[in-house]
Amino acid sequence: MPSYTAPVKDMQFVLHDVLKVTASDIPGYADLDAGFTAAVLEEAGKLASDVLAPLNAVGDREGCRLENGVVRTPTGFKDAFEQLKEGGWTALDCDPDYGGQGLPYLMGTAVGEIFVAANMALNMYQGLTHGAYSAIHAHGTAEQKATFLPRMVSCQWTGTMNLTEPHCGTDLGLMRTKAEPQADGSYRITGQKIFISAGEHDMAENIIHLVLAKAPGGGEGTKGISLFIVPKFLVNPDGSLGQRNALSVGKIEEKMGIHGNATCVMNYDGATGYLLGELHKGMRAMFTMMNEARIGVGVQGYAVAEAAYQNALAYAKDRLQGRDVTGVKNPEGPADPLIVHPDIRRNLMDQKSFVEGARAFTFWGASLIDRAHRTGDAQAEGLISLLTPVIKGFQTDRGFDVAVAAQQVYGGHGYIEEWGMSQFARDARIAMIYEGANGIQALDLVARKLAADGGKHVMAFFEIVKTFLKENEGDDRLKAGFLDPLKAASKAMQGAGMYFMQNGMKSPNAALSGSYDFMHLMGHVCLGLMWAKMAKAAYAALDAGAADRDFYEAKIATGRYYMARQLPACAMHLARIESGAEPVMALKAEAF
């Protein structure tokens, strides 16, 4: 059975050597000294290794069961969820006014990575609740916040998001779920929602569904959509639970992965709901939850990859197969370990360099969210809005690739269920699809985010890269291995942007045909920037006489690998983009 150990040392390196959190002017960051963050991450790591990870295969094997309208979660899930609650882990970065601990979102992200890597399906129950909490916190009335948030912070009650319908996925304007106003100010919600993660389960007293529906007078398309709070059990004025609401689970979907999380068909049969935010402006309120969820899914992308990599690495060191072509490395044994072979090294370096780069990128993104929310910095808000589709789309694509690559290290054993590697690949696959399929992320990036506010945010990103290159141009250790490749990659990204500007208006398909390549091109530039920053931090630590020289030297070598072996993909993506729409759209639909 696969195991998992939280990469606390690497997380500490990103927090303190790269981001230098205690020197930041973001409120709350001065308290994040190395001793405190290490204690938090190590405790989370113990819970992950000892409690959550051993249940990962159990959840995959048993799945969830629907019995008399109630979903039963896999063996051990309920007890594990109680430990998450009792330890205060569900409240880590929530508002202290509602029982939260008030830590920065960055710390919630780091701990979230640990829990996702250990057991993605189980962590989704609290992850979705956090998103629903955020939407109510941002858009709810004082009464709604007081009623729902304290119990959601503690996960005494959990939450969901209900968007998709059988005929309506990305195109929410086709939505049919109706909301009829009632004399008491509530609404009757009628319709069916599908693909509702954690839509029903036995681990919380109540489930608070956030449901998109159309109320009268809203007009056509997404402009007529409103968002409603629809609890499984109605809540009495004194906060106690009342009668069961008119909603039910139609079935649990049979899925490729994340079997331990119940993906439900939800039927609303005149259920009582309460308007969240403004009438007919539900998309704005829902996107508070969606944007947070997309960052969370980006974490899933590299966190599952981290768990898969750890197990592939252990197997490569232990499994004896063949001899090193340059000379025997294990003369006492019948063969050398897999890790001596160059192709296995390539595979493992692909995995390691992605995971560590993605971690730094995501932590940087989380710090931008903290800056935006804690200081009101509009530039940080704009920059993380630009980066969000890259964090979600690029990292989940590459995270799935890494899970498959880790499985490959095992050879035939990777295809056998008892080794557990197929679960990583199956679980990682959904992250490319939900919370906006990755093709939609790419379209959002190119069609909306690049041009937002006159293009000021992408220009700000280029300025960050340019400034870093200029500030470090005199460092010969960084130049050839890091600065030159980053500069070339950044130029490729600028070239792609220029192509879109020159061709996108007169031929929209020219831009949209290249959107997926652009998302990956930008993802590589972002990870290239992170690796250049990590290399600078590692050299600084070595110059200061760091005790663990092997760690920092390995960091530099891994970064050099990414810059040499992955960043050249930027030129390929640019060439594809500049080929335009013609190769993509040449065939008529009926010719396929």
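Every chain's residues receive numbers from 1 upward, in the order its sequence appears when written. The predicted nature of this model means local features are confined to residues of pLDDT at least 70 and side-chain atom pairs, given and counted, to a pLDDT of 80 or more, with totals for whole chains, interfaces and linings taken over all residues. Side-chain numbers here rest on the full set of heavy atoms in the structure, without hydrogens or water.

J.: Please provide a residue-by-residue account of helix α7 (residues 142–153), values included.
T.: The helix count covers DSSP runs of H or I at least four residues long, the strand count covers runs of E at least two residues long, and both are numbered beginning at the N terminus. One less than the residue count of a helix, multiplied by 1.5 Å, gives the span that helix is expected to have. Across its 12 residues, α7 extends 16 Å between first and last C-alpha, which sits within 8% of the 16 Å expected from 1.5 Å per residue. Within α7, burial applies to Gln144, Lys145, Phe148, Leu149, Met152 and Val153. Down the axis of α7, the sector holding all buried residues measures 120°, keeping them to one side. Positioned one or two residues after α7, Cys155 has a phi angle of 60°, which is positive. Buried means the residue's accessible area, taken with a 1.4 Å probe over protein chains only, is under 20% of the maximum for its type, while exposed means over 50%, and partly exposed covers the values in between. Directions from the helix axis toward the C-beta atoms define the arc.

J.: Give a detailed account of unusual backbone geometry, specifying residues and quantitative values.
T.: Although it is not a glycine, His280 adopts a positive phi angle of roughly 70°. Looking at where His280 falls in the secondary structure, it is placed in the loop between β11 (263–276) and α8 (282–318). For Asp453, which is not a glycine, the phi torsion comes out positive at approximately 55°. Of note, Asp453 is situated in the loop between α12 (438–449) and α13 (456–471).

J.: Tell me about the packing of aromatic side chains, and please be specific about residues and values.
T.: Centres within 6.5 Å make a pair out of two Phe, Tyr or Trp rings, where for Trp the six-membered ring is used; the pair is then stacked when the planes are under 30 degrees apart, edge-to-face when over 60, and tilted otherwise. Applying the stated criterion across every chain, the model contains 14 aromatic pairs. Note on Trp89 and Phe115: the rings are 5.6 Å apart at their centroids and 90° apart in plane angle, and the pair reads as edge-to-face. Of the two residues, Trp89 is situated in the loop between α4 (77–86) and α5 (105–118) and Phe115 in helix α5; the sequence distance between them amounts to 26 residues. There is no split in this pair, since Trp89 and Phe115 are both buried. Ring geometry for Tyr187 versus Phe228: centroids 4.9 Å apart, planes at 55°, classification tilted. Here Tyr187 is found in strand β5 (residues 187–197), whereas its partner Phe228 is found in strand β7 (residues 225–231), with 41 residues between them in sequence. Each member of the pair, Tyr187 as well as Phe228, carries the same accessibility label: buried. We count a charge as sitting over a ring when the NZ of a lysine or the CZ of an arginine lies within 6 Å of the ring centre and within 35 degrees of the ring normal. The ring of Phe233 is capped by Arg244, whose NZ or CZ atom sits 5.8 Å from the centre of that ring. The lysine or arginine in question, Arg429, covers the ring of Phe400, its NZ or CZ lying 5.7 Å from the ring centre.

J.: Now, about the nonpolar core: what can you tell me, with residues and values included?
T.: By size, the foremost hydrophobic cluster in this structure holds 196 residues, and its most contacted members are Phe115, Leu387, Phe461 and Phe518. Residues contacting Phe115, with those up to four places away along its chain left out, are Ala44, Leu47, Ala48, Leu52, Leu84, Trp89, Met120, Asn123 and Gln126. Among buried residues, those of type Ala, Val, Leu, Ile, Met, Phe, Trp, Tyr and Cys that are joined through side-chain atoms within 4.5 Å constitute a nonpolar core. Here, residues are in contact when the closest pair of their heavy atoms is within 4.5 Å.

J.: An account of the environment of Gln494 is requested, with residue identities and associated values reported.
T.: Mapped onto the secondary structure, Gln494 falls in helix α14 (residues 476–503). A C-alpha to C-alpha distance of 8.2 Å links Gln494 and Phe462, two positions 32 residues apart in sequence.

J.: Got a sec to walk through the environment of Gly376? Specific residues and values, please.
T.: Along the chain, the position of Gly376 falls in the loop between α9 (342–375) and α10 (378–409). When the C-alpha atoms of Gly376 and Asn56 are compared, they prove to be 39 Å apart, with 320 residues separating the residues in sequence.

J.: Would you mind going over the state of the cysteines in detail, with residue names and values included?
T.: Cysteine sulfur atoms that come within 2.5 Å of each other are treated as a disulfide pair. Taken as a whole and judged by the stated rule, the model has 0 disulfides. Unpaired in this structure, Cys264 has its nearest cysteine sulfur neighbour in Cys64, at a distance of 7.8 Å. When its relative accessible area of 0% is taken as the criterion, Cys264 is described as buried.

J.: So what's going on with the packing of α13 against helix α16 (residues 515–543)? Residues and values would help.
T.: To obtain each axis, a line is fitted to C-alpha atoms, and for helices this fit is confined to the stretch in contact; angles are then taken between N-to-C directions over 0 to 180 degrees. Direction vectors running N to C along α13 and α16 enclose 30°, while the axes themselves pass 11 Å from each other. By the angle class used here, α13 and α16 are roughly parallel. Our pair here, α13 against α16, has a crossing hand that is left-handed. Contacts between α13 and α16 involve Phe461, Ile464, Val465 and Phe468 from the former and Val525, Cys526, Leu529, Ala532, Lys533 and Lys536 from the latter. To sort the angles, those under 35 degrees are grouped as roughly parallel, those over 145 as roughly antiparallel, those from 65 to 115 as roughly perpendicular, and the leftovers as oblique. Should the near helix be turned anticlockwise from the far one by less than a right angle, the crossing is left-handed, and should it be turned clockwise, the crossing is right-handed.

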